[in-house]
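Descriptive structure summary
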Amino acid sequence: MKFIRFLSISLLILLLMPYDVTAQSNVVEVHFIDVGQADSILITYGEKAVLVDAGDNGDGETVSNYIKKLGISQLDYIVATHPHHDHIGGMDDVIENFDVKTVMMPDVSYPTVHYKSLLKVLKKKDITLEKARKGMKIKLGHQVNIQVISPSKEAEYEDFNDYSAVLRLSHKENSFLLMGDAGVEVEKQMLEKVKRKQIKSDVLKMGHHGASSATSETFLKAVTPETAVISVGKNNRYDFPDENVIQRLNEHHISVLRTDEIGTIIATSDGENIVFHTDNNLISHKKDK
Ligand SMILES: [Zn+2]
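The notes below deal with the structure included here. This structure is a prediction, so every number in the text was calculated from the model and none was measured.

Overview of the overall build of the protein
- Each helix and strand counted, the protein has 10 helices and 16 strands in total.
- When contacts within the protein are restricted to residue pairs at least 6 apart in sequence, long-range pairs at least 24 apart make up 64% of them.
- Of the accessible surface of the protein, which amounts to about 13800 Å², a share of 49% is contributed by carbon and sulfur atoms.

What follows is the structure in structure tokens.
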């Protein structure tokens, strides 16, 4: 009885404890930063840090402050999933604010002010620009890797979003599939050309902010995520996420976490379990065995 009381008190303390966002050495943290109707994801493992997208134009400061708050001054990699404004808009500011080693982007040009501004700052700071291509790997540590799943070198798409760098982060038994804005065409190709075990993931960062252009039924069945994260703005003008997509997730009993509803979402992986927090509170434990 005493033991049970001890357990329940411990659990209560755990639930009431604010989440400490300082980086721990043996865990991988994935921060889905709330940047409204845009994407920005920070991955940390010990001293290593990788930023995937940097929000829209004007989000550079929000993203930079968030990263600084964690005590990070160096970004080993920045991945621009694709050069749309809601993914690279804030990237020039972030690059100005940090010691950035390498920037990775799919091999597509996009003659907008944001894109040009990004290239300008890369040149100014003499930062290597790598072409993100299927098969590339960023090794963050022992059994901690980020693999580029798409696009392939010869890829040609009608929808520009489909050129998005699709990344799979794996940490021992845990995995995260980050879709950028890739849609059903890419999903179809992945199902045909990528091994199922590289598609199957615990957490799915939904393609294209939960739009109807992504997350087909067949793809969802192959990924079989426990949790879906949607990076989306409150009352956004595109009406994202799509109702039918949300319904699809519900039918598969997938937990849905949305930045428009709970703000920044932080997933912490110890290699076996994934725990989700907001900036201040515990949300849920995943993969408890
Ligand atoms: Zn987008």
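The rest of the description comes next.
Overview of unusual backbone geometry
- In this model, Ser150 is joined to Pro151 through a cis peptide bond whose omega is 5°.
- Of note, Pro151 is situated in the loop between strand 8 (144-150) and strand 9 (166-171).
- Pro241 follows Phe240 through a cis peptide bond whose omega is -5°.
- Tracing the sequence through the fold places Pro241 in the loop between strand 12 (227-230) and helix 9 (243-251).
- Even without glycine at this site, Lys172 takes up a positive phi of about 50°.
- Mapping Lys172 onto the fold places it in the loop between strand 9 and strand 10 (174-178).

Here we look at the side chain of Lys205
- For Lys205, the position within the fold is in strand 11 (residues 203-205).
- Side-chain polar atoms of Lys205 contact the side chain of Asp39, separated by 2.7 Å.
- Filtering out sequence-adjacent residues up to four positions away, Lys205 remains in contact with Phe32, Asp39, Ile41, Leu177, Leu178, Met179, Gly180 and Val229.

Let's talk about the pairing of strand 3 (residues 48-52)
- By the criterion of burial, strand 3 is predominantly enclosed, with four of the five residues buried.
- Bridge count between strand 2 (residues 41-45) and strand 3: five bridges; the pairing is antiparallel. Bridge pairing in strand 3 links Ile41 to Val52.
- Between the parallel pair strand 3 and strand 4 (residues 74-79), the chain is carried across by helix 2 (residues 60-69), and the sense of this crossover is right-handed.

As for a negative patch on the surface
- There is a patch of like negative charges on the surface, built from Glu158, Asp159, Glu185 and Glu192.
- Within the secondary structure, Glu158 sits in the loop between strand 8 and strand 9.
- Taking the relative accessible area as the measure of exposure, Glu158 reaches 87% and is therefore exposed.

As for helix 5 (residues 113-124)
- With 12 residues, helix 5 should cover 16 Å at 1.5 Å per step; its first-to-last C-alpha distance of 16 Å lies within 8% of that length.
- By the burial criterion, the buried members of helix 5 are His114, Tyr115, Leu118, Val121 and Leu122. Buried residues of helix 5, seen end-on, are gathered within an arc of 130° and therefore sit on one face of the element. Summarising the geometry of helix 5, the exposed residues directed more than 90 degrees from the buried face are Val113, Lys116, Lys120, Lys123 and Lys124.

Describing the packing of aromatic side chains
- In this structure the tally under the stated criterion is four aromatic pairs.
- When the centroid spacing of 5.1 Å and the interplanar angle of 80° are considered together, the rings of Tyr157 and Tyr163 count as edge-to-face. Summarising the burial analysis for this pair, Tyr157 and Tyr163 share the class buried.
- Through a chain of ring-to-ring contacts, three or more aromatic side chains come together here, namely Tyr110, Tyr157, Phe160 and Tyr163.

So, the pairing of strand 13 (residues 255-258)
- The sheet contact formed by strand 12 and strand 13 spans four bridges and is parallel. Looking at the pairing, Ile230 lines up with Arg258 of strand 13.
- Running through helix 9, the crossover from strand 12 to the neighbouring parallel element strand 13 is right-handed.

Remarks on the coordination of the zinc ion
- All of the protein donors around the zinc ion are Asp86 (OD), His87 (NE2), Asp181 (OD) and His209 (NE2); their distances to the metal are 2.1 to 2.2 Å.
- For the zinc ion, the four donor atoms in the first shell make angles of 85 to 149° at the metal, so the coordination geometry reads as irregular.
- Taken in chain order, the donor set of the zinc ion reads D-H-x93-D-x27-H. Of this pair, His87 sits in helix 3 (residues 85-88) while His209 sits in the loop between strand 11 and helix 8 (217-223); the two residues are 122 residues apart in sequence, bridging distant segments of the chain.
- Among the residues examined, His209 registers a relative accessible area of 1% and is labelled buried.

Cut-offs used in this document
Numbering of residues begins from 1 in every chain and follows the order in which that chain's sequence is written. Where totals are concerned, whole chains, interfaces and linings use all residues; where local detail is concerned, this predicted model gives features only for residues with pLDDT of at least 70, and gives and counts side-chain atom pairs only at 80 or more. Processing note: side-chain calculations cover all non-hydrogen atoms of the structure and skip hydrogens and water entirely. Helix numbering and strand numbering both begin at the N terminus, where a helix is a DSSP run of H or I of at least 4 residues and a strand a DSSP run of E of at least 2. Contacts were defined at the residue level, with two residues in contact if any of their heavy atoms lie within 4.5 Å. Note on areas: Shrake-Rupley, 1.4 Å probe, and residue coverage restricted to the protein chains presented here. By the criterion applied in these results, polar contacts are pairs of N or O atoms within 3.5 Å in which, for protein atoms, one can donate a hydrogen and the other can accept it, and in which residues neighboring in sequence qualify only through two side-chain atoms. Each residue gets one of three labels from its accessible area relative to the maximum for its type: buried under 20%, exposed over 50%, partly exposed in between, using a 1.4 Å probe on protein chains only. When DSSP finds two or more bridges between two strands, those strands count as paired. Handedness of a crossover is defined as follows: with both strands directed away from the viewer, a clockwise route from the first strand across the helix to the second makes it right-handed. Two joining distances apply to patches: 9 Å for like charges and 5 Å for nonpolar side chains (Val, Leu, Ile, Met, Phe, Trp, Tyr), and every residue must have over 30% relative accessible area and no salt bridge. By definition, a salt bridge exists where a carboxyl oxygen of Asp or Glu is found within 4 Å of a side-chain nitrogen of Lys or Arg. Only four residue types enter the charge count, namely Lys and Arg as positive and Asp and Glu as negative; His and the chain termini do not. Note that the charge is assigned to NZ on lysines, CZ on arginines, CG on aspartates and CD on glutamates. For a helix, the expected span equals 1.5 Å multiplied by the number of residues minus one. Read the arc as the range of directions from the helix axis to the C-beta atoms. When two rings of Phe, Tyr or Trp (its six-membered ring) have centres within 6.5 Å they constitute a pair, described as stacked for plane angles under 30 degrees, edge-to-face for angles over 60, and tilted for the intermediate range. Ligating atoms shown are N, O and S within 2.8 Å of the metal, or 3.2 Å for Na, K and Ca, and water is not included, meaning a site may look less than complete. Four donors are marked tetrahedral only if all angles between them lie between 85 and 135 degrees, whereas four are marked square planar and six octahedral if opposite donors are more than 155 degrees apart and the other angles lie between 65 and 115; the remainder are marked irregular.

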